[in-house]
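Structural overview for review
As a plain string of letters, each chain reads:
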Amino acid sequence: MLGFESSCDETACAVTNGTEVLSNVVASQIPTHAKFGGVVPELASREHLESIWPCMRSAIEESGIDPDQLDGIAVTEGPGLVGALLISVQAARAYGAAMGKPVYGIHHLEGHVYSVYLDQENKDSSSEPLAAHLALLVSGGHTMLVDARGPGEYVIVGTSRDDAVGEAFDKAAKMLGIGYPGGPVIDRLAAQGDPKRFKFPRAMLAPRDNLEFSFSGLKTSMFVHLQREGQPDSRQALMDLCASYQEAIVDVLLEKTRRALKLTGHRRVHVVGGVAANSVLRSRFTDLCAQRGLEFRAAPLKYCGDNAAMVALAGQRQALAGLPAHVDVHTNRSIEDVLR
Ligand code: KG4
Ligand code: ZN
């Protein structure tokens, strides 16, 4: 399966065979957007347009396959930035028409859900259905707990009222002037910091069954802290600040996941999306699941961020399930509506 992904600031193409990734090309636009501290949609679309064909050629070349061997093409149809989505949707349609291959539209978040299966040892697991699990989906655009009952069957049990968790990382890093995207930088600095030194709020913990998230207040509290105290006056103070901020985020993600496990009764937890690369998040989830005897999987590090291999795998499952090849562009459809 040939996958395309351009929903935000990564132009990506990949070729997969079941869960085996034959090639995975990602052209990141980070240098373009870094100076603005966030993604500029118009610039993203223009760059996708320039990168999409070179990415596709490299993905096919690196995979070593003959394009005639493809079962089909899978492309992210949403959610995302409309101008960005259009680039790979049109590329996939054009290539599909030229090659006489079916084109499957994939929900971006369903792609992330499948990312945990990529590059698994059992390479021939393409017919294995998605195991029922609780997914914590954490990225620059989404924060969500999803009751994944099987392929195409998703129920959102908790989501953010305002900002996504990745946004909380990125904006804090912007305020601290330490780079973009903020998540990996904060993660690195926090590794040598004291997470108890500064106090940051853990929002929406009450009432005890609350499964919603909110991160805008956390961002504000960083802003207020910097207004009051000024920028950290030493490297150690910066590392402590990053560690304390990150701890507030991870505490909330862990607590809400515990609650969602109680609600859904799942014995398996998956963590996916760009923020799933966070080292403290991964280790605390590993510990939680070990203590409770739960199955745990985090997306492999190289497939946490946006990529087309996850899209291709989701497309392959769609094809195996006999679902019709159909592609549309939608900027805001819920993961609950993937089987429209
Ligand atoms: O999934 P993704 O690549 O794009 C979206 O679909 O949004 O996620 C990007 C987000 C960014 O906000 C970035 O700061 C965050 O993932 N991120 C991290 C880490 N690596 C990437 N956040 C925390 N810790 C990390 N190590
Ligand atoms: Zn994503």
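Check the entry above for the structure.
Numbers given to residues run from 1 along each chain, matching the order in which its sequence is written. Written order decides the labels, with chains lettered from A and ligands numbered from 1. Local features in this predicted model are restricted to residues whose pLDDT is 70 or higher, and side-chain atom pairs enter the listing and the counts only when it is 80 or higher, whereas totals over whole chains, interfaces and linings include all residues. To get the side-chain values, take all heavy atoms of the structure and skip hydrogens and water.

Residue Pro-79 is bonded to the preceding Gly-78 through a cis peptide linkage, with omega at -10°. Think of it this way: any DSSP run of H or I at least four residues long counts as a helix, any run of E at least two long counts as a strand, and we number them from the N terminus. Mapped onto the fold, Pro-79 is located in the loop between β4 (73-78) and α3 (82-99). A cis amide bond links Ala-206 to the next residue, Pro-207, at an omega of -10°. With a phi angle near 60°, Met-204 is a residue other than glycine that sits in the positive phi range. Turning to its location among the elements, Met-204 is positioned in the loop between α6 (182-190) and α7 (216-229).

Another aspect to go through is the coordination of the zinc ion (ligand 2). Ligating atoms shown are N, O and S within 2.8 Å of the metal, or 3.2 Å for Na, K and Ca, and water is not included, meaning a site may look less than complete. The protein atoms that coordinate the zinc ion (ligand 2) are His-108 (NE2), His-112 (NE2) and Asp-306 (OD), at distances of 2.1 Å. Key to geometry: four donors with every angle between 85 and 135 degrees are tetrahedral; four donors are square planar and six octahedral where opposite donors lie over 155 degrees apart and all remaining angles lie between 65 and 115; all other sites are irregular. Considering all four donor atoms around the zinc ion (ligand 2), the spread of angles at the metal, 93 to 148°, places the coordination shape in the irregular class. Counting residues between consecutive donors of the zinc ion (ligand 2) along the chain gives the motif H-x3-H-x193-D. With a gap of four residues between them, His-108 and His-112 both fall in helix α4 (residues 108-114), about one helical turn apart. A 1.4 Å probe rolled over the protein chains alone gives each residue an accessible area, and that area as a share of the maximum for its type sets the label: buried under 20%, exposed over 50%, partly exposed in between. With a relative accessible area of 6%, His-108 lands in the buried category.

With that out of the way, let us pick up the packing of aromatic side chains. We call Phe, Tyr and Trp rings a pair once their centres come within 6.5 Å, taking the six-membered ring for Trp, and we label the pair stacked below 30 degrees between planes, edge-to-face above 60, and tilted otherwise. Taken as a whole and judged by the stated rule, the model has four aromatic pairs. Summarising the aromatic geometry, the rings of Phe-213 and Phe-215 are spaced 6.2 Å apart at their centres and angled 15° between planes, so their arrangement reads as stacked. Residues Phe-285 and Phe-296 carry aromatic rings whose centres are separated by 6.0 Å and whose planes lie at 20° to one another, so their mutual orientation is stacked. Here Phe-296 lies in strand β10 (residues 295-298) and Phe-285 lies in helix α9 (residues 279-292), a separation of 11 residues in the sequence.

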